[in-house]
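Here is what each chain is made of, one letter per residue.
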Amino acid sequence: MLRLTDIVSRFKYLPVVLVGAATLMGIEQGAQSQQADDALRALYQRPDAVPYPEDNPYSDAKAHLGKLLFFDPRLSGENNLSCASCHNPSFSWEDGQKTSVGVPMTRLGRHTPTVLNLAWGELFFWDGRAESLEEQALGPIASSVEMAQDLDQLVGKLQAIDGYSDLFEKAFPGTGITLENVGAAIATYERTIVSATAPFDRWIAGDESAISDAAKRGFALFNGKANCVACHEGWNFTDWGFHDIGLPDDQDLGRYEQLDIASLKHAFKTPGLRNIVERAPYMHDGSIRTLEAVVQHYNHGFVQRETVSESIFALGLTDDEVADLVAFLHTLSSDDPAVTYPKLPN
Amino acid sequence: MRSYRQIFFSLVFVCAAAITPLKAQDTVTISQKGKAFSESSVTIKSGAKVRFVNDDTVAHNVYARIGSDKEDLGLQKPGEQGEISFDKPGKYRVRCAIHPKMKLTVVVE
Ligand SMILES: [Cu+2]
């Protein structure tokens, strides 16, 4: 005969079982979101090593020479502007200006981009007109509005500076001072310019306290509702691609001027977002002054035209969400070691 | 009457069967996913086509340089596809105009 107490005793563990099951399910769900988290974090792992091209491998001698050339104003026609005048380490390798001023005090048409983390790049300049850093380096030297140095005379000029011959010979045994080697040395130095670990990287590596809750929410928005990841992907936050993000500038056709494919009208290269706080003002024309304004541009400030990317649409972000995204962008700034001015050969 | 019909349909069937495998061989399909082409290089016979399918979450724009011409498939939204035929033997570079890291070599024999 089944007595009530039996029934009760039979089921007396039920609550325990139920609570246990619920806990397990909770853990299970937690584990799943942990997995999702880990998968997302894996996409933002920093690379272990800098890639150097086979035809211009790294050497200390080349990187050293490249740094001297990068900081040497004698690479310019009037001996007054170096690469670092515009790509200034104090502004995370930009110049803090809307657009910079070249040799004959002419304003340039586009804002100075950073040279940070370009070792991983594909095409260079806002419009992708250079295929490599080697090729890129000679562009600004010769450009009549930048350093305005007659390239035919550059080799002679460098030969006349005691010390460069030795340095070139060490870096490029047998070929010495040539234009090609100037490009190769500068490119090698540029590839060593890599942003150091930021709070964001420490968080990716597992330190939960490295960034604020607002920044964590911002990161989730970045990869979700705000869709930034459609273009700013990976540890350097760029797809190295070309997009029209709907800036009002309608004079500069960007990538289309180099490659006449209709979808490239008004398309510019996606900049990486490392040290972005230090790199204001923003965009190819330096037209946006703050990160809040950048996020509001994506939220609802873009112009409508045929070529605007499919990945740009009204986001409907609240003010709090905008603030979270900005908080996240702040975690990408690293405490990079100070860059020392090199002693130049004389 | 009926037999004519049967003959006609069997002829259609035989023809279709004969053509289908040829067609399949003549067109190689390349998928675009995760901002990458599914292959880095393909080898095809001259006159064959390469079909580009956008299996991605973002738009792409495949183009190829063929001699002095440019074959431009235009903007492809997710789910869309397009084809390029390669008529002359040689080595061609296909690239996405939006994402220049997406590169494919087509070898035409
Ligand atoms: Cu693409």
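Only a predicted model underlies this, so the values are computations on that prediction, with no experimental measurement involved.

**A closer look at unusual backbone geometry**
Trans is the prevailing form of peptide bonds, just as negative phi is the prevailing case for residues other than glycine.
For step 1, the next point in the chain: Residue Pro281(A) is bonded to the preceding Ala280(A) through a cis peptide linkage, with omega at -10°.
For step 2, the next point in the chain: With respect to the element layout, Pro281(A) can be found in the loop between strand E2 (268–269) and helix H11 (291–301).
For step 3, the next point in the chain: Here the phi dihedral of Met283(A) falls at roughly 85°; this positive angle occurs in a residue that is not glycine.
For step 4, the next point in the chain: Considering the arrangement of structural elements, one finds Met283(A) in the loop between E2 and H11.
For step 5, the next point in the chain: Despite not being glycine, Lys35(B) has its phi angle at roughly 55°, a positive value.

**Thoughts on the environment of Arg46(A)**
Residues and elements named next belong to chain A.
For step 1, the next point in the chain: Within the secondary structure, Arg46 sits in the loop between helix H2 (14–42) and helix H3 (60–71).
For step 2, the next point in the chain: Sequence separation between Arg46 and Asp201 is 155 residues, and the spatial gap between their C-alpha atoms is 7.6 Å.
For step 3, the next point in the chain: Setting aside its immediate chain neighbours within four residues, Arg46 contacts Val194, Ser195, Ala196, Thr197, Asp201, Trp235 and Arg274.
For step 4, the next point in the chain: Among the polar contacts made by the side chain of Arg46, one reaches the main-chain carbonyl oxygen of Ala196 at a distance of 3.3 Å.
For step 5, the next point in the chain: One polar contact links Arg46 to Asp201, side chain to side chain, over a distance of 3.3 Å.

**Re the environment of Val58(B)**
For step 1, the next point in the chain: Mapped onto the elements of the fold, Val58(B) is located in the loop between strand E4 (49–54) and strand E5 (62–66).
For step 2, the next point in the chain: Owing to a relative accessible area of 8%, Val58(B) belongs among the buried residues under this scheme.
For step 3, the next point in the chain: With residues up to four places along the chain from it excluded, the contact list for Val58(B) reads Ala230(A), Ser311(A), Lys35(B), Pro78(B) and His99(B).

**What to know about the pattern of salt bridges**
Residue and element names in this part refer to chain A.
For step 1, the next point in the chain: Scanning the model with the defined rule gives 24 salt bridges over all chains in all.
For step 2, the next point in the chain: Between Arg110 and Asp252 there is a salt bridge, with the nearest N and O atoms lying 2.8 Å from each other. In this pair, Arg110 is assigned in the loop between helix H4 (83–86) and helix H5 (133–142) and Asp252 in the loop between strand E1 (242–243) and E2, connecting sequence segments 142 residues apart. Just as Arg110 is buried, Asp252 falls in that class too.
For step 3, the next point in the chain: The partner of Arg274 in a salt bridge is Asp201, and the shortest N-O contact between them spans 2.8 Å. Of this pair, Arg274 sits in the loop between E2 and H11 while Asp201 sits in helix H9 (residues 199–204), and the two are 73 residues apart along the sequence. Grouping residues by exposure puts Arg274 and Asp201 together as buried.

**Regarding the confidence of the model for chain A**
All names here are of chain A.
For step 1, the next point in the chain: Summary statistics for chain A give a mean pLDDT of 89 and a share of 88% for residues scoring 70 or more.
For step 2, the next point in the chain: Taken as a whole, residues 1–12 scores under 50 in pLDDT and shows three contacts with residues more than four places along the chain or in a different chain.
For step 3, the next point in the chain: Under a pLDDT of 50 for its full length, residues 14–20 has, in the predicted model, zero contacts with residues more than four places off or in other chains.

**Focus: the domain arrangement of chain A**
Residue and element names in this part refer to chain A.
For step 1, the next point in the chain: Split into domains, chain A comes out as domain 1 (60–191) and domain 2 (199–330).
For step 2, the next point in the chain: Each of domain 1 and domain 2 was reduced to a C-alpha centroid, and the two centroids are 28 Å apart.
For step 3, the next point in the chain: Roughly 1,900 Å² is buried in total at the junction of domain 1 and domain 2, and carbon and sulfur atoms are behind 56% of that figure.
For step 4, the next point in the chain: For Glu257, the salt bridge is made with Arg110, and the minimal N-O distance between the two is 3.8 Å.
For step 5, the next point in the chain: Here domain 1 is connected to domain 2 by 13 residue pairs in polar contact (both at pLDDT 80 or more).
For step 6, the next point in the chain: The residue inventory of the side of domain 1 that touches domain 2, partitioned by class, reads eight nonpolar, nine polar and six charged.

**Topic: the sheet that holds strand E7 (residues 81–85) of chain B**
Pairing between the strands of a sheet is mediated by backbone hydrogen bonds and can be parallel or antiparallel.
All names here are of chain B.
For step 1, the next point in the chain: Here we have four strands laid out as an open sheet, ordered E2-E1-E4-E7, and mixed in their pairing. On the outer flanks of this sheet lie strand E2 (36–37) and E7, each paired with one strand and no other.
For step 2, the next point in the chain: Sheet topology places E4 next to E7; five bridges connect them, and they run antiparallel. Counted as the bridge partner of Val53 is Gln81 from E7.

**Focus on the packing of helix H10 (residues 213–223) of chain A against helix H12 (residues 319–330) of chain A**
Residues and elements named next belong to chain A.
For step 1, the next point in the chain: Orientation of H10 relative to H12, taken along the N-to-C sense of each, is 100°, at an axis distance of 7 Å. In terms of orientation, H10 and H12 fall into the roughly perpendicular class. Contacts between H10 and H12 involve Ala214, Ala215, Arg217, Gly218, Phe219, Leu221 and Phe222 on the former and, on the latter, Glu321, Asp324, Leu325, Ala327 and Phe328.
For step 2, the next point in the chain: Residue composition of the contact of H10 with H12, by class: eight nonpolar, one polar and three charged.

**Looking at the sheet that holds strand E8 (residues 90–96) of chain B**
All names here are of chain B.
For step 1, the next point in the chain: Strand order in the open sheet formed by five strands is E3-E9-E8-E5-E6, and the pairing between neighbours is mixed. Looking at the sheet topology across the chains shown, the edges are occupied by strand E3 (41–44) and strand E6 (69–72). Averaged over all pairs of adjacent strands, the angle between strand axes in this sheet comes to 25°, irrespective of strand direction.
For step 2, the next point in the chain: In this structure, E5 lies alongside E8, joined through three bridges in antiparallel fashion.

The rules behind the values
Residues numbered from 1 in each chain as written. Chains lettered and ligands numbered in written order. Predicted model: local features only at pLDDT ≥ 70, side-chain atom pairs only at ≥ 80, totals over all residues. Heavy atoms only, no water. Helix = DSSP H or I, 4+ residues; strand = E, 2+ residues; numbered from the N terminus. Contact = heavy atoms within 4.5 Å. Polar contact = N/O pair within 3.5 Å; in protein donor to acceptor, adjacent residues only side chain to side chain. Buried < 20%, exposed > 50% of the residue type's maximum accessible area, 1.4 Å probe, protein only. Salt bridge = Lys/Arg side-chain N within 4 Å of Asp/Glu carboxyl O. pLDDT = per-residue confidence, 0-100. Domains from an automatic or database assignment. Buried area = accessible area lost by both parts, 1.4 Å probe. Nonpolar A, V, L, I, M, F, W, Y, C, P; charged D, E, K, R; others polar. Pairing = 2+ DSSP bridges. Axes fitted to C-alpha atoms, helices over the stretch in contact; angles between N-to-C directions. Parallel < 35°, antiparallel > 145°, perpendicular 65-115°, else oblique.

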